[in-house]
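Letter by letter, the chains look like this.
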Amino acid sequence: MDKSKYGVHERHCCVRHGCKYGDKDCPVINELTKQDNICEECSDEGIKTVDELVTKKDIETLRNILEHYQEMTGLNVKNLSHKIIKTLEGSYYY
Ligand SMILES: [Zn+2]
Ligand SMILES: [Zn+2]
């Protein structure tokens with residue numbers, strides 16, 4: 001995907017709820033760029049910032065979400081999931 005298109009994904013796509021446009025090569029989901037906005041579904045759940053999105057989710061929930069993504073999109077999200085789980089573990093135990 002052309003980098004000039006990243007911005008629109010950063011603003012509308014969600015690491016939990018997926019690409020708003022259904023793109024399999026969504027740069028947000030593939031972690032090529034950072035999500036910049038909380039999606040509507042997340043804000044309905046009371047999440048207000050992107051940092052919260054990562055830190056509020058327990059590891060198990062996050063794993064389930066990532067597995068779900070993999071099923072939905074067929075993407076290999078293993079690297080992404082390891083990265084996030086590592087981050088979470090860090091924030092929980094240190
Ligand atoms: Zn997207
Ligand atoms: Zn969301």
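Let me begin by describing the structure that accompanies this report. Residue numbers restart at each chain and count upward from 1, following the sequence in its written direction. Chains and ligands are labelled sequentially in the order written, the chains with letters from A and the ligands with numbers from 1. Side-chain atom pairs in this predicted model are given and counted only at pLDDT of 80 or more, local residue features only at pLDDT of at least 70, and totals for whole chains, interfaces and linings cover all residues.

**A look at the overall build of the chain**
Moving on, step 1. On a plain count of helices and strands, the chain comes out with five helices and zero strands.
Moving on, step 2. A run of H or I in DSSP counts as a helix once it spans at least four residues, and a run of E counts as a strand once it spans at least two, with each numbered from the N terminus. Of the regular secondary structure in the chain, the N- to C-terminal order runs α-α-α-α-α.
Moving on, step 3. Our exposure labels follow a C-beta count within 10 Å of each residue's own C-beta, placed from the backbone: buried means 20 or more other C-beta atoms, exposed means 12 or fewer, and partly exposed covers the counts in between. The buried share of the chain, taken over its 94 residues, is 19%.
Moving on, step 4. Any two residues are considered in contact once their C-beta atoms, placed from the backbone, lie within 7 Å. Within the chain, contacts between residues at least 6 apart in sequence are counted, and of these 42% link residues at least 24 apart.

**Notes on unusual backbone geometry**
Moving on, step 1. Despite not being glycine, E31 has its phi angle at roughly 60°, a positive value.
Moving on, step 2. By the secondary structure assignment, E31 is in the loop between helix 1 (6-12) and helix 2 (40-44).
Moving on, step 3. The exposure class of E31 is partly exposed, given the 15 C-beta atoms found within 10 Å.

**Points about the nonpolar core**
Moving on, step 1. Here a nonpolar core is just a set of buried residues of the types Ala, Val, Leu, Ile, Met, Phe, Trp, Tyr and Cys, joined wherever their C-beta atoms sit within 7 Å. In this structure, C13, C14, V15, C19, C26, V28, I29, C39 and C42 together form the largest nonpolar core, which totals nine residues.
Moving on, step 2. The residues contacting V28, other than those within four sequence positions of it, are H9, E10, C13, V15, C19, T33 and Q35.

**Here we look at the environment of Y6**
Moving on, step 1. For Y6, the position within the fold is in helix 1.
Moving on, step 2. You can call Y6 partly exposed: it has 17 C-beta atoms within 10 Å.
Moving on, step 3. In sequence terms Y6 and K34 are 28 residues apart; their C-alpha atoms lie 9.3 Å from each other.
Moving on, step 4. For Y6, the residues in contact, after removing those within four places along its chain, are P27 and T33.

**Side note on the environment of R11**
Moving on, step 1. Take R11: it is sitting in helix 1.
Moving on, step 2. R11 gets classed as partly exposed once you count the C-beta atoms within 10 Å, which come to 13.
Moving on, step 3. Setting aside chain neighbours within four positions, we find R11 in contact with D36 and N37.

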